[in-house]
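Okay, here's what each chain looks like letter by letter:
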Amino acid sequence: MEDTQMDEGNIALETPTDDVFVPPSINRSSTLAGESYTHFSPVPPSLLPQTSSSTSPDQSSAGEAGVPCVLGVDEAGRGPVLGPMVYGVFYLPLPLSDPLLKQTHHFDDSKVLTPAVRSSLMRALCTPSASPSSSNDLHASCGWAVSCLSARDIGANMQRPAGAAAYNLNAQAFDATVDLIRGVFARGVNLREIYVDTVGPPATYQQRLARVFPTTRITVAKKADSLYPCVSAASVCAKVTRDAALEVLYEARAATGLGRGLVAAGEEEASWGSGYPSDARCVTWLRRNMHPVFGWGPECRFSWGTAKDMLETKGGVKVEWPVDEDDENTRLTDFFVGSDKEKDADELGTWFGTPAGLEAF
């Protein structure tokens, strides 16, 4: 995939802080294993259908639908070579969208909020208020969910064998979005409106979602994270989760000594920064910590141009994978080609001498 370029100002905003808030959406074991996963916050009781024995049948059936809610969808980490891509959804009652998110808590596109502000907003969302009855309490009024698509799974899906169906990043993103929305519906939330941020053609994406959720009003727009507060909040959930996942991955590498790379004596290894290919810290970290055969760990997207070019031209071992190879006696070493040896050389023969054929007798 073509790498995403960013200027220095955006790189600074994309780089996690050292004390990033670790939300409950971080599954440490799955993150370190390179596995994708999904996390749903508990649905606030105020959003679930309310039933009462004192209500009439008509009132009960009307109340079973629950409070009408609006849901926003956004992602974080589409372009980096390191770390997961995270899709987030955020939902709350329709009347609270503007007053609670925009006016009270000042949610905005996560890319224009500083890392500290993002962490503070996420902490407020995950922490119960001292007075749960307050209409300003994010925890009591809102729900959210994220889908973490690991770097390993993104790369593996994009590099499927030629005979398999293509599963590009857009298809993976669409499936993650649909699964998250379905999960919110399955938990009893009455979603009336859905707003989605997209980098592709909005009309096409909106039609595809409308076919999956025909009874819900869906709006897909570019820059929706700056236009609709619920999408801004979804953007923050996704970005803070990605920031925390990056920190978990980096700390695990540093703890085992695998993230220190080739540095001069007494020099401290710099972090991998934002994980974007245009970030010099990221490229430096990749170069210093590249294994010549296996590359990097589950934190890296091997399908990205930066990773592929580095493995192929910056010291990686050249590997040839035969397309039609049915020989059951093929050795693992046959796939590695050395520049100073002939491919067809017989290993034992060249060691003990040149083999002689029957014509020699």
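See the structure shown above.
Residues numbered from 1 in each chain as written. Predicted model: local features only at pLDDT ≥ 70, side-chain atom pairs only at ≥ 80, totals over all residues. Heavy atoms only, no water.

### With respect to the overall build of the protein
Piece 1. Secondary structure assignment for the protein yields 14 helices and 6 strands.
Piece 2. By the burial criterion, 44% of the 361 residues in the protein qualify as buried.
Piece 3. Sequence-distant contacts in the protein: of pairs separated by 6 or more residues, those separated by 24 or more amount to 70%.
Piece 4. As displayed, the protein offers around 19100 Å² of accessible surface, 53% of which is attributable to carbon and sulfur atoms. (Helix = DSSP H or I, 4+ residues; strand = E, 2+ residues; numbered from the N terminus. Buried < 20%, exposed > 50% of the residue type's maximum accessible area, 1.4 Å probe, protein only. Contact = heavy atoms within 4.5 Å. Areas by Shrake-Rupley, 256 points an atom, 1.4 Å probe, with all protein chains shown as cover.)

### Focus on the pairing of strand E4 (residues 143–149)
Piece 1. Of all 7 residues making up E4, 7 are buried, and the element is well covered by its neighbours.
Piece 2. Of the two faces of E4, both are covered, the one formed by Gly143, Ala145, Ser147 and Leu149 as well as the one formed by Trp144, Val146 and Cys148.
Piece 3. The pairing of strand E1 (residues 37–40) with E4 spans 4 bridges and is classified as antiparallel. Note that in E4 the partner of histidine 39 across the bridge is valine 146.
Piece 4. In this sheet, E4 lies alongside strand E3 (residues 85–93) in antiparallel orientation, the contact comprising 7 bridges. Bridge pairing links tyrosine 87 to serine 147 in E4. (Pairing = 2+ DSSP bridges.)

### Considerations on the side chain of serine 274
Piece 1. With respect to the helices, strands and loops of the structure, serine 274 is situated in the loop between helix H11 (229–255) and helix H12 (280–288).
Piece 2. Here tyrosine 276 takes part through its backbone nitrogen, which lies 3.3 Å from a polar atom of the side chain of serine 274. (Polar contact = N/O pair within 3.5 Å; in protein donor to acceptor, adjacent residues only side chain to side chain.)

### Details of the pattern of salt bridges
Piece 1. Within this structure, the stated rule accounts for 8 salt bridges.
Piece 2. Across the salt bridge formed by lysine 111 and aspartate 225, the nearest N and O atoms sit 3.2 Å from each other. Remark: aspartate 225 occurs in helix H10 (residues 224–227) and lysine 111 occurs in the loop between helix H4 (97–104) and helix H5 (115–126); sequence separation between them is 114 residues.
Piece 3. Look at aspartate 225 and you get buried, because its relative accessible area is 2%.
Piece 4. The partner of aspartate 279 in a salt bridge is arginine 281, with the nearest N and O atoms 3.2 Å apart.
Piece 5. Among the residues examined, aspartate 279 registers a relative accessible area of 4% and is labelled buried.
Piece 6. What makes arginine 281 partly exposed here is its relative accessible area of 34%.
Piece 7. Each of Asp109, Lys111 and Asp225 takes part in salt bridges that share partners, so that together they form one network. (Salt bridge = Lys/Arg side-chain N within 4 Å of Asp/Glu carboxyl O.)

### Thoughts on the packing of H4 against H11
Each pair of packed helices gets described by two things: the angle between the helix axes and the distance between those axes.
Piece 1. Here H4 crosses H11 at 55°, and the two axes come no closer than 9 Å. Taken as axis vectors, H4 and H11 run oblique relative to one another. Crossing hand, H4 versus H11: left-handed. On H11, the residues that touch Ser97, Asp98, Leu101 and Lys102 of H4 are Pro229, Cys230 and Ala233.
Piece 2. Within the contact of H4 with H11, the residues separate by chemical class into 4 nonpolar, 1 polar and 2 charged. (Axes fitted to C-alpha atoms, helices over the stretch in contact; angles between N-to-C directions. Parallel < 35°, antiparallel > 145°, perpendicular 65-115°, else oblique. Left-handed = near helix turned anticlockwise from the far one by under 90°. Nonpolar A, V, L, I, M, F, W, Y, C, P; charged D, E, K, R; others polar.)

### Digging into a nonpolar patch on the surface
Piece 1. On the surface, a cluster of nonpolar side chains totalling about 270 Å² of accessible area is made up of Val293, Phe294 and Val317.
Piece 2. Along the chain, valine 317 turns up in the loop between helix H13 (305–313) and helix H14 (347–352). (Patch = residues over 30% accessible without salt bridge, like charges linked within 9 Å, V, L, I, M, F, W, Y side chains within 5 Å.)

### Comments concerning the environment of proline 292
Piece 1. Topologically, proline 292 is positioned in the loop between H12 and H13.
Piece 2. The exposure class of proline 292 is partly exposed, given its relative accessible area of 36%.
Piece 3. Setting aside chain neighbours within four positions, we find proline 292 in contact with Gly315, Gly316 and Val317.

### Points about the nonpolar core
Piece 1. Leu71, Leu209, Leu286 and Trp296 are the most contacted members of the largest nonpolar core, which totals 46 residues.
Piece 2. No other element matches helix H8 (residues 169–186), which puts 8 residues into this core.
Piece 3. For leucine 209, the residues in contact, after removing those within four places along its chain, are Phe174, Thr177, Val178, Val196, Ile218 and Val220.
Piece 4. By size, the runner-up hydrophobic cluster in this structure holds 35 residues, among which are Leu101, Leu125, Trp144 and Val240. (Core = buried A, V, L, I, M, F, W, Y, C linked by side-chain atoms within 4.5 Å.)

### Concerning the state of the cysteines
Piece 1. Summed over the entire model, instances satisfying the criterion amount to 0 disulfides.
Piece 2. Lacking any disulfide linkage, cysteine 126 is separated from the closest cysteine sulfur, that of cysteine 237, by 7.2 Å.
Piece 3. Its sulfur unpaired, cysteine 300 is 8.1 Å from the next cysteine sulfur, which belongs to cysteine 282.
Piece 4. Accessibility expressed as a relative area gives 1% for cysteine 300, which makes it buried. (Disulfide = S-S within 2.5 Å.)

### What to know about the packing of aromatic side chains
Piece 1. Within the structure shown, the criterion is met by 7 aromatic pairs.
Piece 2. Considering the side-chain rings of tyrosine 250 and tryptophan 272, the 5.1 Å spacing of their centres and the 75° angle between planes classify their relative orientation as edge-to-face. Separated by 22 residues along the polypeptide, tyrosine 250 in helix H11 and tryptophan 272 in the loop between H11 and H12 bring together distant segments of the chain. For the pair shown, tyrosine 250 and tryptophan 272 are each scored as buried.
Piece 3. Linked through ring pairs, Tyr250, Trp272 and Trp285 together constitute an aromatic cluster.
Piece 4. The ring centre of phenylalanine 40 lies 3.8 Å from the NZ or CZ of arginine 187, which sits over that ring.
Piece 5. Sitting over the face of the ring of tryptophan 304, arginine 301 holds its NZ or CZ atom 4.9 Å from the ring centroid. (Phe/Tyr/Trp six-rings, centres within 6.5 Å; stacked < 30°, edge-to-face > 60°. Lys NZ or Arg CZ within 6 Å of the ring centre and 35° of its normal.)

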